[in-house]
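# Summary of structural features
Here's the letter readout for the chains.
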Amino acid sequence: MRLLWIFIGLAILVLIPFGIWSDDLMWDQAGAIEWLHRFDRWAWLAGIGLLISDLFLPVPGTVVMSALGYIYGTLAGGAAGALGSFLSGVLAYYLCRMLGRGAAVRLAGEADLVKGEKLFARSGGWLVAFSRWLPVFPEVIACMAGLTRMPAAAFMTALACGSVPMGFTYAAIGNLGVESPGAALALSAVVPLALWVPFNRWLRRREQTPAGKP
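These notes cover the structure that comes with them. Note that this is a predicted model, so its numbers are computed, not measured. (Residues numbered from 1 in each chain as written. Predicted model: local features only at pLDDT ≥ 70, side-chain atom pairs only at ≥ 80, totals over all residues. Heavy atoms only, no water.)

## Remarks on the packing of aromatic side chains
Short version of the rule: The pairing test for Phe, Tyr and Trp rings, Trp by its six-membered ring, is centres within 6.5 Å, and the orientation test on the planes gives stacked under 30 degrees, edge-to-face over 60, and tilted for anything in between. The rule is simple: take the accessible area with a 1.4 Å probe, protein chains only, and divide by the maximum for that residue type; under 20% is buried, over 50% is exposed, in between is partly exposed.
All told, the structure shown has four aromatic pairs when counted by the stated rule. For the ring pair Trp 35 and Phe 39, a centre distance of 4.7 Å and an interplane angle of 50° mean the geometry is tilted. Here Phe 39 falls in the partly exposed class, since its relative accessible area comes to 35%. Seen in terms of ring centroids, Trp 42 and Trp 44 are 6.2 Å apart; in terms of plane orientation they differ by 40°. Their pairing is tilted. Taken together, the aromatic side chains of Tyr 93, Tyr 94 and Phe 155 make up a single cluster linked through ring pairs.

If you want it as structure tokens, here you go:
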């Protein structure tokens, strides 16, 4: 139960900046493009920085990704968007993992933490991969994965499965000027799960292979 309250508390912490600064930071695509153009040749780096800061500020990540696609095209813009989303998740994961298990036990309680560890060991990859295209949940799930010490290799793989399709999908939307991106958005939600299936099997086989054997 305490783990659930931690989840709710993290969600509230993510939402608070939206209430405080949303009027200043919630752009449309045109506003995001204008802001990125201020950095001239370093617009891609500014975009990545914005996506990382989405962990702390109400940055409209999907708008930034589409603006990167508009400026740099689907491939380069998608790579920048995917990298920014990935690094944001990595930061959230390690900030919470660095608390250590002792602090996690004090926060969640031994029984709840064990349940959370089992949940993320069993289903964490699905949660991480699927959550990347949802609002609020990417940051919260990444934090919970770190708190429950989800294996880093599984987390990073699942994070990439979610971040890469989303980054390239929104870059394509920005580059092509798609006005009704429903099919593309649905695809960006399905592809992470489809990618996670083979990677999950590979990780499990690797865990079951004795050290020193191929």
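## A short note on unusual backbone geometry
The condition that has to hold: Going along the chain from the N terminus, every DSSP run of H or I of four or more residues is numbered as a helix, and every run of E of two or more is numbered as a strand.
Here the phi dihedral of Asp 40 falls at roughly 50°; this positive angle occurs in a residue that is not glycine. Relative to the helices and strands, Asp 40 resides in the loop between helix H2 (29-37) and helix H3 (43-53). One non-glycine residue with positive phi stands out, namely Arg 149, at about 55°. Looking at the secondary structure, you find Arg 149 in the loop between helix H7 (137-147) and helix H8 (152-176). Given a relative accessible area of 33%, Arg 149 falls into the partly exposed group.

## Concerning the packing of helix H4 (residues 61-97) against H7
For any two helices packed against each other, one specifies the crossing angle of their axes together with the interaxial distance. Applied cut-off: Under this scheme, a helix contributes an axis fitted over its contacting stretch, all axes are lines through C-alpha atoms, and angles between N-to-C directions fall in the 0 to 180 degree range. We call a crossing left-handed when the near helix sits turned anticlockwise from the far one by less than a right angle, and right-handed when that turn is clockwise. Here a residue-residue contact requires only that any non-hydrogen atoms of the pair lie within 4.5 Å. The residue classification treats Ala, Val, Leu, Ile, Met, Phe, Trp, Tyr, Cys and Pro as nonpolar and Asp, Glu, Lys and Arg as charged. All others, Gly included, are polar.
In the contact formed by H4 and H7, the axes pass within 7 Å of each other and the chain directions differ by 40°. Both H4 and H7 take part in a crossing whose hand is right-handed. For the pair H4 and H7, the contacting residues are Gly 89, Ala 92, Tyr 93, Cys 96 and Arg 97 in the first and Glu 139, Ala 142, Cys 143, Ala 145, Gly 146 and Leu 147 in the second. Considering only residue class, the contact of H4 with H7 consists of seven nonpolar, two polar and two charged.

## What about the side chain of Thr 169?
The cut-off we apply is this: Polar contacts, as used here, are pairs of N or O atoms within 3.5 Å; protein pairs need one atom able to donate a hydrogen and one able to accept it. Residues neighboring in sequence count only if both atoms are side-chain atoms.
Secondary-structure assignment places Thr 169 in helix H8. A polar atom in the side chain of Thr 169 sits 2.7 Å from the backbone oxygen of Pro 165.

## Observations concerning the environment of Val 190
Along the chain, Val 190 falls in helix H9 (residues 182-208). Residue Val 190 is classed as exposed on the basis of its relative accessible area of 51%. It is 8.0 Å that separates the C-alpha atoms of Val 190 and Phe 130, two residues lying 60 residues apart in sequence.

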